[in-house]
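Given next are the chains, with one letter for each unit.
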Amino acid sequence: MNILKFRNGDGIPQLGLGTWKSKPEEVEQAVIHAIKTGYRHIDCAYIYDNEEAVGRGIQYCIENKLIDRDELFITSKLWNNAHEKEQVKPALKQTLSSLGLHYLDLYLIHWPVAQPQSVKFPTRGEELLALEKVPLATTWEGMEEIHQEGLAKHIGVSNFSISKLEALLENAQHTPEMNQVEMHPYLQQPDLFDFCRNHNILVTGYSPLGSGDRHPNNRRTDEPKLIADPTVMEISKQLNCTPAQVLIAWHLYRGSVVIPKSTNKQRIEENLKAQAVELSAAQMSKLTALNRNFRFIDGSFWTIDGSPYTLKNLWN
Ligand code: A2P
């Protein structure tokens, strides 16, 4: 398993198991199978509504001595309704309790978006709070506290643009170590990627396969199908591998962490085996040429009528 390094020299396995959209009744077995197969990195979040089931999978593996806790890398994310400084620790503790863990390896601010504590997912614009009211710098102070206490070994952000990272970097005592963003050949974000690299911030790519299992409310009917892209398919035939493996290998070559989601045993194995896929420089160039700045997760759920968020101020 290839390992990328944080600034302090700690490692993060470059390939992890994604759990967004994994059903609680399936994800426990998926986690167990993934760990048995060789995965050492599981990506979770409070809002995925499945952390207890993920935790049961992790506990099963630890109790049955398949793995020690310190051999695993577990990430989770702070939800939008706990952005006040004093809300960060209780939110993290709730996640730790669900997962059955004493610490996380990495904790991220899930979105640069704030909501009142009583709102889990906003359905009206008034249920979103402007960042002027709950500044990200204040949320970050809460993140720094839990890091100092050792409750999360590393801290970072998700869905942050260059300008939001720049603003954080100005005042942070402990600067973000990770930015997890949607990333794949249709959304390569070279400027963001270079910015992160130049500031010692690792990048994790989510939705590496195009997240075809999103709820219909959360997808456009005319969206392109990344996993069936003709160039991706052509390269998979050349290398005698699958299109998913090409998409995962693209991250491994580029130097981003990648977290394909699957609850299917065969596909969990297949995705891990992408580590053996060797793309040539010419094949990488062909994949680079696919960039079209296309987001599957465009954040429009934060821009409902009356919301202080727009697609422009979200991604700027
Ligand atoms: P499943 O969980 O049934 O395997 P993303 O990681 O971009 O969010 O994509 C997840 C989607 O891709 C899920 O629908 C998942 O289905 C599917 N998927 C995961 N691995 C593969 C694979 N190797 N080949 C095809 N589809 C896959």
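A brief structural summary. (Residues numbered from 1 in each chain as written. Predicted model: local features only at pLDDT ≥ 70, side-chain atom pairs only at ≥ 80, totals over all residues. Heavy atoms only, no water.)

Some points on the packing of helix α8 (residues 243-254) against helix α10 (residues 281-288)
Phase 1 of the analysis: Two elements in contact, α8 and α10, have axes separated by 11 Å at closest approach and are oriented at 105 degrees. The angle between α8 and α10 places the two elements in the roughly perpendicular class. Of α10, the residues touching α8 (which contributes Val 246, Trp 250, Tyr 253 and Arg 254) are Ala 281, Met 284 and Leu 287.
Phase 2 of the analysis: Each residue belonging to the contact of α8 with α10 can be placed in one class, and the counts come to 6 nonpolar, no polar and 1 charged. (Axes fitted to C-alpha atoms, helices over the stretch in contact; angles between N-to-C directions. Helix = DSSP H or I, 4+ residues; strand = E, 2+ residues; numbered from the N terminus. Parallel < 35°, antiparallel > 145°, perpendicular 65-115°, else oblique. Contact = heavy atoms within 4.5 Å. Nonpolar A, V, L, I, M, F, W, Y, C, P; charged D, E, K, R; others polar.)

As for the pattern of salt bridges
Phase 1 of the analysis: By the definition in use, this model includes 16 salt bridges.
Phase 2 of the analysis: For the salt bridge of Lys 21 with Asp 213, the shortest nitrogen-to-oxygen distance reads 2.7 Å. In this pair, Lys 21 is assigned in the loop between β3 (17-18) and α1 (24-37) and Asp 213 in the loop between β9 (202-206) and α7 (230-239), connecting sequence segments 192 residues apart.
Phase 3 of the analysis: Since its relative accessible area comes to 22%, Lys 21 is described here as partly exposed.
Phase 4 of the analysis: In this structure, the salt-bridge partner of Glu 223 is Arg 219, at a minimum N-O distance of 3.3 Å. (Salt bridge = Lys/Arg side-chain N within 4 Å of Asp/Glu carboxyl O. Buried < 20%, exposed > 50% of the residue type's maximum accessible area, 1.4 Å probe, protein only.)

Some points on the site of the ligand
Phase 1 of the analysis: As a matter of local geometry, the ligand sits amid 17 residues, with Ser 211, Lys 261, Ser 262, Arg 267 and Asn 271 nearest to it.
Phase 2 of the analysis: The side chain of Ser 262 places a nitrogen or oxygen atom 2.6 Å from an oxygen atom of the ligand.
Phase 3 of the analysis: One of the side-chain nitrogen or oxygen atoms of Glu 270 is found 2.8 Å away from a nitrogen atom of the ligand.
Phase 4 of the analysis: A total of 560 Å² of accessible area belongs to the ligand in isolation, and the protein chains cover 83% of it.
Phase 5 of the analysis: If you tally residues by element for the shell around the ligand, the top one is helix α9 (residues 265-272), at 3 residues.
Phase 6 of the analysis: Per-class residue counts for the shell around the ligand are 5 nonpolar, 7 polar and 5 charged. (Near = heavy atom within 4 Å. Polar contact = N/O pair within 3.5 Å; in protein donor to acceptor, adjacent residues only side chain to side chain. Areas by Shrake-Rupley, 256 points an atom, 1.4 Å probe, with all protein chains shown as cover.)

Regarding the pairing of β9
Phase 1 of the analysis: When you tally the buried positions in β9, you get 5 out of 5 residues, the bulk of the element.
Phase 2 of the analysis: Residues Leu 202, Thr 204 and Tyr 206 line one face of β9 and the alternating positions Val 203 and Gly 205 line the opposite face, and both faces are buried.
Phase 3 of the analysis: Strand direction decides the pairing type here: strand β8 (residues 178-182) and β9, joined by 5 bridges, are parallel. Across the sheet, Asn 179 pairs through a bridge with Val 203, a residue of β9.
Phase 4 of the analysis: In the classification by handedness, the crossover that spans β8, the intervening helix α6 (residues 190-198) and the parallel β9 is right-handed.
Phase 5 of the analysis: Sheet topology note: the β9/strand β10 (residues 257-258) ladder contains 2 bridges and is parallel. By the bridge assignment, Thr 204 is partnered in β10 with Val 257. (Pairing = 2+ DSSP bridges. Right-handed = clockwise from strand over helix to strand, strands pointing away.)

Here's the deal with unusual backbone geometry
Phase 1 of the analysis: Here the phi dihedral of Asp 49 falls at roughly 55 degrees; this positive angle occurs in a residue that is not glycine.
Phase 2 of the analysis: In this structure, Asp 49 sits in the loop between β4 (41-43) and α2 (51-63).
Phase 3 of the analysis: Positive phi, close to 45 degrees, is recorded for Gln 189, a residue that is not glycine.

Quick notes on the nonpolar core
Nonpolar side chains tend toward joint burial in soluble globular proteins.
Phase 1 of the analysis: Of all hydrophobic cores here, the largest spans 90 residues; its most connected members are Ile 74, Leu 104, Tyr 107, Trp 111 and Leu 287.
Phase 2 of the analysis: With residues up to four places along the chain from it excluded, the contact list for Leu 104 reads Arg 69, Ile 74, Ser 76, Leu 92, Thr 95, Leu 96, Leu 99, Leu 151, Ala 152 and Lys 153.
Phase 3 of the analysis: One finds Leu 4, Phe 6, Phe 73 and Leu 106 within the second-largest nonpolar core, a separate group that totals 9 residues. (Core = buried A, V, L, I, M, F, W, Y, C linked by side-chain atoms within 4.5 Å.)

So, the environment of Leu 129
Phase 1 of the analysis: Relative to the helices and strands, Leu 129 resides in the loop between β6 (104-109) and α4 (136-148).
Phase 2 of the analysis: Taking C-alpha positions, Leu 129 is 29 Å from Ser 22, a pair spaced 107 residues apart along the chain.

Some details on the packing of α7 against α10
Phase 1 of the analysis: It is the contact of α7 with α10, at a shortest axis distance of 10 Å, that shows an interaxial angle of 165 degrees. Here α10 runs roughly antiparallel to α7, going by the angle between their axes. Of the two elements, α7 crosses α10, and the hand of that crossing is left-handed. Of the residues in α10, those touching α7 at Thr 231, Val 232, Glu 234, Ile 235, Gln 238 and Leu 239 are Gln 283, Lys 286 and Leu 287.
Phase 2 of the analysis: A breakdown of the residues in the contact of α7 with α10 according to their chemical character gives 4 nonpolar, 3 polar and 2 charged. (Left-handed = near helix turned anticlockwise from the far one by under 90°.)

Examining the sheet that holds strand β7 (residues 152-158)
Phase 1 of the analysis: Taken in spatial order, the 8 strands of this open sheet run β3-β4-β5-β6-β7-β8-β9-β10, and their pairing is parallel. Of all the strands in the sheet, just β3 and β10 have a single pairing partner and so form its edges.
Phase 2 of the analysis: Strands in contact with helix α3 (residues 85-99) are β5 (73-78) and β6; relative to β6, the strand with the most contacts, it is inclined by about 135 degrees.

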